[in-house]
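In case you want the letters, here they are:
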Amino acid sequence: EVVPEHRRTTVMLCNLPHRYTRELLLDLLNTKGFGGMYDFIYLPFDFKTHACLGYAFVNMVDPSAVRELWSALQGFADWKVQHIKACRITWSLPHQGREVMVNRFRNSPVMHAKVPKQFKPLLFQ
């Protein structure tokens, strides 16, 4: 079932720098005023090179926060690491919402005990 756009909370941030870390992503979101407005973040990495794959999933706690995030980060290019691409935001489809994202990754290889913590999704209350 496709969630209507006005009720969506999960976005995919695209064109992130390959040298970005989860900490840099959290810092960006918090610096832009979104601290406490997201409850799930996943920044996928290549386990061999430890490079970010260039995208992240972020679930906002409220659909109105998504509109604010979209306005603040669509076209953003003032990265803390060298990178020429601007951020592009798209919906995470068909996966929408914190519970759906948690269920999606629950049995994923990324959750294996041998995978370092910094490569795993983060949940917030």
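Just above sits the structure.
Scoring rules and cut-offs
Residues numbered from 1 in each chain as written. Predicted model: local features only at pLDDT ≥ 70, side-chain atom pairs only at ≥ 80, totals over all residues. Heavy atoms only, no water. Buried < 20%, exposed > 50% of the residue type's maximum accessible area, 1.4 Å probe, protein only. Helix = DSSP H or I, 4+ residues; strand = E, 2+ residues; numbered from the N terminus. Arc of directions from axis to C-beta. Contact = heavy atoms within 4.5 Å. Polar contact = N/O pair within 3.5 Å; in protein donor to acceptor, adjacent residues only side chain to side chain. Pairing = 2+ DSSP bridges. Phe/Tyr/Trp six-rings, centres within 6.5 Å; stacked < 30°, edge-to-face > 60°. Lys NZ or Arg CZ within 6 Å of the ring centre and 35° of its normal. Salt bridge = Lys/Arg side-chain N within 4 Å of Asp/Glu carboxyl O.

Q: Can you walk me through helix α1 (residues 22-31) in this structure?
A: Each α-helix winds once per 3.6 residues, and so residues spaced three or four apart point in a common direction. Among the residues of α1, those classed as buried are R22, L25, L26, L28 and L29. Buried residues of α1 fall within an arc of 160 degrees about the axis and therefore sit on the same side. Packing partners of the buried residues in α1 comprise β1 (10-14), β2 (38-42), β3 (55-60), α2 (63-73) and β5 (122-123). Note on α1: the residue one or two positions beyond its end, G33, has a positive phi of about 95 degrees.

Q: How should I be thinking about the side chain of T10 in this particular structure?
A: Mapped onto the secondary structure, T10 falls in strand β1. On the basis of relative accessible area, T10 is assigned to the buried category, the value being 0%. From its side chain, T10 meets the backbone nitrogen of G97 in a polar contact 2.7 Å long. Setting aside chain neighbours within four positions, we find T10 in contact with V58, N59, W91, S92, H95, Q96, G97 and M101.

Q: Can you walk me through the pairing of β2 in this structure?
A: For a regular strand, side-chain orientation follows a simple rule: the groups alternate between the two sheet faces. With five of five residues buried, β2 is to be regarded as a mostly interior element. Pairing analysis gives four bridges linking β2 to β3, with the strands arranged antiparallel. Bridge pairing links Y38 to M60 in β3. Bridge analysis of β2 against β5 gives two bridges, and the strand direction is antiparallel. Residue pairing in the sheet places I41 in a bridge with L122 of β5.

Q: For this particular structure, what's the right way to read the packing of aromatic side chains?
A: To describe a pair of aromatic rings, you give the distance between the ring centres and the angle between the ring planes. Within the structure shown, the criterion is met by ten aromatic pairs. Ring centres 6.1 Å apart and planes at 20 degrees place the aromatic pair F40 and F105 in the stacked group. Of this pair, F40 sits in strand β2 while F105 sits in helix α3 (residues 98-106); the two residues are 65 residues apart in sequence, bridging distant segments of the chain. The pair F40 / F105 is uniform in exposure class, with both members buried. Residue placement shows R8 over the ring face of W91; its charged tip is 5.2 Å from the ring centre.

Q: Please explain the pattern of salt bridges as it appears in this structure.
A: Opposite charge on two side chains permits them to pair, given that their charged atoms come into close proximity. Under the defined criterion, the tally for this structure stands at two salt bridges. Between K80 and D27 there is a salt bridge; the shortest N-O distance is 2.5 Å. Placement of the pair is K80 in the loop between α2 and β4 (88-91) and D27 in helix α1, with a sequence separation of 53 residues. When its relative accessible area of 60% is taken as the criterion, K80 is described as exposed.

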